[in-house]
Amino acid sequence: MKQIKNICCIGAGYVGGPTMAVIAKNNPHITVTIVDINADRIAAWNDKDLTKLPIYEPGLADIVKETRNKNLFFSTDINKAIDQSEMIFMSVNTPTKTYGKGKGMAADLKYIELCARTIADVATTDKIVVEKSTLPVRTAEAIKSILHNTGNHINFHILSNPEFLAEGTAIKDLLNPDRVLIGGESEEAIESLAKIYESWVPKNQIIRTNLWSSELSKLTANAFLAQRISSINAISELCELTGANVNEVSKAIGMDSRIGSKFLKASVGFGGSCFQKDILNLVYIARSYHLNEVADYWEQVIIMNDHQKRRFSDRLIKTLYNTVSGKKIALLGWAFKKDTNDTRESAAIYVTDHLLSEQATVSVYDPKVSSEKMQSDLNYLNTRTEDENFNLVQTVSNPYDAVKNAHAVAIMTEWDEFITYDWEIIYKSMKKPAFIFDGRNILEKSKMEAIGFEYHAIGQ
Ligand SMILES: NC(=O)c1ccc[n+]([C@@H]2O[C@H](COP(=O)([O-])OP(=O)(O)OC[C@H]3O[C@@H](n4cnc5c(N)ncnc54)[C@H](O)[C@@H]3O)[C@@H](O)[C@H]2O)c1
Ligand SMILES: O=c1ccn([C@@H]2O[C@H](COP(=O)(O)OP(=O)(O)O[C@H]3O[C@H](CO)[C@@H](O)[C@H](O)[C@H]3O)[C@@H](O)[C@H]2O)c(=O)[nH]1
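Note that this is a predicted model, so its numbers are computed, not measured. Every residue gets a number counted from 1 within its own chain, in the order that chain's sequence is written. Ligands are numbered from 1 and chains lettered from A, in the order in which they are written. Confidence filtering applies because this is a predicted model: local features only for residues at pLDDT of at least 70, side-chain atom pairs given and counted only at 80 or more, and all residues used for totals across whole chains, interfaces and linings. To get the side-chain values, all heavy atoms of the structure are used, and hydrogens and water are removed first.

## Description of the packing of aromatic side chains
- Pairing of aromatic rings covers Phe, Tyr and Trp, the last through its six-membered ring, and needs centres within 6.5 Å; plane angles under 30 degrees mean stacked, over 60 mean edge-to-face, and all others mean tilted. Across all of its chains, the model carries 14 aromatic pairs by this definition.
- A ring pair is formed by Tyr400 and Tyr421, whose centres lie 5.6 Å apart and whose planes are at 50°; its orientation type is tilted. Linking Tyr400 in helix H16 (residues 399–403) with Tyr421 in the loop between strand E12 (408–411) and helix H17 (423–429), this pair joins segments that are 21 residues apart in sequence.
- With 5.9 Å between their ring centres and 75° between their planes, Trp423 and Phe453 make a pair best called edge-to-face. Of this pair, Trp423 sits in helix H17 while Phe453 sits in the loop between helix H18 (445–451) and strand E14 (454–457), and the two are 30 residues apart along the sequence. The exposure classification of Trp423 matches that of Phe453, with both residues buried.
- The cationic tip of Arg179 hangs over the ring face of Phe164; the distance from NZ or CZ to the ring centre is 3.6 Å. In DSSP terms, a helix is any run of H or I states spanning at least four residues, a strand is any run of E spanning at least two, and both are numbered starting from the N terminus. For every residue, the accessible area obtained with a 1.4 Å probe (protein chains only) is divided by the maximum for its type, and the residue is called buried under 20%, exposed over 50%, and partly exposed between those limits. Note on geometry: a ring has a charge over it if NZ (lysine) or CZ (arginine) is within 6 Å of the ring centre and within 35 degrees of the ring normal.

## Quick notes on the sheet that holds strand E7 (residues 180–184)
- Two strands are counted as paired when DSSP detects at least two bridges linking them. The mixed open sheet is built from eight strands, whose spatial order is E3-E2-E1-E4-E5-E6-E7-E8. Each having just a single partner strand, strand E3 (72–75) and strand E8 (206–209) make up the two edges of the open sheet. This sheet shows a mean twist of 25° between the axes of neighbouring strands, independent of strand direction.
- One ladder, built from five bridges, connects strand E5 (residues 127–131) with strand E6 (residues 156–160); its direction is parallel. Among the inter-strand pairings, Glu131 is bridged to a residue of E6, identified as Ser160.
- We call two residues in contact whenever any of their non-hydrogen atoms come within 4.5 Å of each other. The axes used here are C-alpha line fits, helices contributing only the stretch in contact, and every angle between their N-to-C directions lies in the interval 0 to 180 degrees. Docked against the sheet, helix H6 (residues 139–148) engages strand E4 (87–90), E5 and E6, running at close to 165° with respect to E6.

## Remarks on the site of ligand 2
- What surrounds ligand 2 is a group of 21 residues, the closest being Phe164, Leu165, Ser267, Cys274 and Arg440.
- Contact between ligand 2 and Leu264: an oxygen atom at 3.4 Å from a main-chain N or O atom of the residue.
- Polar contact is the term for a pair of N or O atoms within 3.5 Å; when the atoms are in protein, one must be able to donate a hydrogen and the other to accept it, and sequence-neighboring residues count only if both atoms are side-chain atoms. In this structure, Ser267 approaches ligand 2 through a side-chain N or O atom, which is 2.6 Å from an oxygen atom.
- Relative to its unbound accessible area of 690 Å², ligand 2 is 91% covered by the protein chains. Whether a residue is near a molecule or strand depends on its heavy atoms: if one lies within 4 Å, it is near. The Shrake-Rupley method, run with a 1.4 Å probe sphere, supplies the accessible areas, and residue values consider only the shown protein chains as cover.

## Section: the pairing of E4
- On E4, burial covers both faces: Met87 and Phe89 on one face and Ile88 and Met90 on the other are all buried.
- Where strand E1 (residues 6–10) and E4 come together, four bridges link them in parallel fashion. Following the sheet pairing, Ile7 is matched in E4 by Met87.
- Looking at chain direction, E4 and E5 are connected through four bridges and run parallel. Of the residues in E5, the one forming a bridge with Met87 is Ile128.
- Looking down the strands as they point away from the viewer, one classifies a crossover as right-handed if the path from the first strand across the helix to the second runs clockwise. Note that the unit made of E4, helix H5 (residues 110–122) and E5 has a crossover that is right-handed.

## Some words on the domain arrangement of the chain
- Domain start and stop positions are those given by an automatic or database domain assignment. The domains assigned to the chain are domain 1 (6–209) and domain 2 (303–457).
- When each unit is reduced to the centre of its C-alpha atoms, the spacing between domain 1 and domain 2 is 36 Å.
- Residue-level contacts link 10 residues of domain 1 with 10 residues of domain 2.
- Across the domain 1/domain 2 interface, buried area totals approximately 740 Å², and carbon plus sulfur atoms make up 46% of it.
- Simply put, the buried area is the total loss of 1.4 Å probe accessible area from both parts when two parts are fitted together. When residues of domain 1 are sorted by the area they lose upon contact with domain 2, Tyr14, Tyr56 and Glu167 head the list and together hold 73% of the total.
- Any Lys or Arg side-chain nitrogen located within 4 Å of an Asp or Glu carboxyl oxygen qualifies as a salt bridge. At the junction of domain 1 with domain 2, the criterion picks out one salt bridge.
- One salt bridge in this structure joins Arg344 and Glu167, with 3.6 Å as the shortest N-O distance.

## Notes on the sheet that holds strand E9 (residues 328–332)
- Here six strands make up an open sheet; going across it, the order is E11-E10-E9-E12-E13-E14 and the pairing parallel. Whereas interior strands pair on both sides, the edge strands pair on one side only; in this sheet they are strand E11 (393–395) and E14. The average angle at which neighbouring strand axes cross in this sheet is 20°, direction not considered.
- In the sheet, strand E10 (residues 361–365) pairs with E11 via three bridges, with the strands oriented parallel. The residue of E11 that forms the bridge with Val362 is Val393.
- Where helix H12 (residues 292–319) meets the sheet, its contacts fall on E9, E12, strand E13 (435–438) and E14, and the angle it forms with E13 comes to roughly 165°.

## Observations regarding the site of ligand 1
- In the region of ligand 1, 26 residues are neighbours, and Asp36, Arg41, Thr94, Glu167 and Lys277 sit closest.
- A distance of 3.0 Å is found between an oxygen atom of ligand 1 and a backbone nitrogen or oxygen belonging to Tyr14.
- Between ligand 1 and Arg344 there is a distance of 2.9 Å, counted from an oxygen atom to a side-chain nitrogen or oxygen.
- For ligand 1, whose unbound accessible area comes to 830 Å², protein coverage reaches 93%.
- Residues are sorted three ways: Asp, Glu, Lys and Arg are charged, Ala, Val, Leu, Ile, Met, Phe, Trp, Tyr, Cys and Pro are nonpolar, and all the rest, Gly among them, are polar. For the shell around ligand 1, a count of residues per class yields 10 nonpolar, nine polar and seven charged.

## Focus on H12
- To estimate how far a helix should reach, multiply one less than its number of residues by 1.5 Å. In this model, H12 (28 residues) spans 39 Å end to end at C-alpha, consistent with the 40 Å of a helix rising 1.5 Å per residue.
- Consider a residue and the seven residues that end there alongside the seven that start there; fitting an axis to each set, the bend is the angle between those axes. Most pronounced at Glu299, the bend in H12 amounts to some 25°.
- Positioned one or two residues after H12, Tyr321 has a phi angle of 60°, which is positive.

## Considerations on the side chain of Thr19
- Checked against the element boundaries, Thr19 lands in helix H1 (residues 16–26).
- Leave out the neighbours within four places in its chain, and Thr19 touches Lys132, Glu163, Leu165 and Leu174.

## A closer look at the pattern of salt bridges
- For the structure shown, the criterion picks out 25 salt bridges.
- The partner of Glu191 in a salt bridge is Arg208, with the nearest N and O atoms 2.7 Å apart. Separated by 17 residues along the polypeptide, Glu191 in helix H8 (residues 187–198) and Arg208 in strand E8 bring together distant segments of the chain.
- For Arg208, a relative accessible area of 34% translates into the label partly exposed.
- Close ionic contact of Glu449 with Lys445 constitutes a salt bridge, the shortest N to O distance being 3.2 Å. With Glu449 and Lys445 both in helix H18 and four residues apart, this pair spans about one turn of that helix.
- Owing to a relative accessible area of 37%, Lys445 belongs among the partly exposed residues under this scheme.
- Connected via shared salt-bridge partners are Glu237, Glu240, Arg311 and Arg315.

Next up, the structure:
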C-alpha cells in the first residue's frame, strides 16, 4: 500500500474546505493543500481573521486555526500542488447544466473534466485521483479515459469517495460519519485512502464497493433523504384540510423503527445545493436509459417540493385578504437551513420572488447571509431588474427592524435565535392583524396566539 505524504484537493468550497481540514487535523504527518481558481476564496481561507473564512460552519474555524500553515495550506498554485501530491481529490462544483443537451436536468461536468485534464497535463508521477464531487454514475469512465490517454506513461488510479456531510453540521458529520464509502478498482489505491480515514473513523464504518455502486450510492442517498421530506410535506397539505397536525403525524410514524424519526420535518420545502440538482441528475440518467417510470417516480420528489414552496406563498397571500400589493412582509431567514451562510436553492429566494411579483415589499433578516448575497440570489432569477429588486427588498441587520410595520412575518430558516426573540415587542411593532407564517414550525402556536398573533404553521 502506498504511504500518502502529500494530498491536493482541487476546489476550496463547502466540501473541499471542511473535509480537508478534518483530514489534516487527524493526519498531522500528511501535508494537505487545497487549491482553487477563485483567488478571493483562497485569500479568505488564508485570512488571519477567522471570522472571514468563506464558509460558516460551527467548529470549522477552530480546526483551521489548529492546522493552517502547519499541515493545511490554501493556494492558487494548482499545478504545483497537483505535481507534489500522491493523491488528488476533485471537489469542484457539479451544478445542473444551464445550456445545451440536458439543460435544467443533467450535471454540468465541465469543471470536473477540466480538473482531469489539468491533472493529465501536469502530473509527472503516479497519482491516485479521488472523485469527491457528486457525479453521475459512470463518470469515472470518462475521467479514466482522459487520464489514461495522455501518453506520458503515468499510472492513475481512480477512486470514488462521495461526501455525505450536511451543511451546518459538516464538522460533526466529518468527525463522526455514519460511514465512509470508497469505490474503486485497485485494491492498493482503495487501502491507501482507507488508511487516511482510519486515523479517526472505525474500520468497520469504512466500506468498499465497485466504482459504479459508489457513484450511484451518493445520488441514491440524496434521493431517499429528499423523498422523505417531500413525503411528509405532501401529508402536511392534507393535515391542513383535515385537522390533523403534521408534527403529531411525524412523531407517530417516526417511532416505528422501520421508518425512523429523522428527516420527517415538514417545511416550506427543502433547499440547498444538492437535493434538487442530484435528483434531477438521477432523473436524467434514468431517462437516458429509457427508464421512464423510474425517472417519473423520482421527478415527483421535485414536483412536490416546488409545490410546497409555492403553496406557502399562495397561502400567505390568500390569508392577507388575497393581496399583498403595497404590503410589507418580513422574512426571517434566507439561508437554506440553520447554521450555514449557504443560500443555494433556498426556499426564501422563491417565496420572495413570488411576493415581489404580487407587488409586496419585502424586508429580510438573516444572521449569517449578507445583503449582497440576498440581492444577487434574486437578481440571478432574472424576474426583474437589479434596481427593482434593490428598491423592493430591504435587507437589514437587526430582526426588529425587519418586522417593524410589517403585515406578516414569514419564518424561512429554523435559526435557533428566532425562537428566543421578544415576540411581544414584535407584535406591538407590526400592523394588525399581525400574521406569522411559520415555514419551519419552530414557534409555539398557543404562545403566539396568546400574544395576539394570527399564527399559521405548516401542516396544522
Ligand atoms: N455542499 C455540500 O454540502 C455537499 C455535500 C456533499 C457533496 N457535495 C458535492 O461536492 C461538490 C462540491 O460542492 P461544494 O458545495 O463544495 O461546491 P462549491 O461551489 O462551494 O466549491 C467548488 C469550488 O471548486 C472551484 N473550482 C471549480 N473548478 C475548478 C478548477 N478547474 N480548478 C480549481 N478550482 C475549481 C470553485 O471555484 C469553487 O470554489 C459538488 O459536486 C457537490 O454536489 C456538496
Ligand atoms: O426533515 C427535514 C430535513 C431537512 N429539511 C430541509 O432539507 C434541506 C437539506 O437539508 P440537509 O440535508 O440537512 O442539508 P444539506 O447540506 O443539503 O445535506 C444534504 O445534501 C448533502 C449534499 O449532497 C449531503 O451530503 C447530505 O448527506 C444531505 O443531507 C434544507 O433546506 C432543510 O431545511 C427539511 O425540510 N426537513
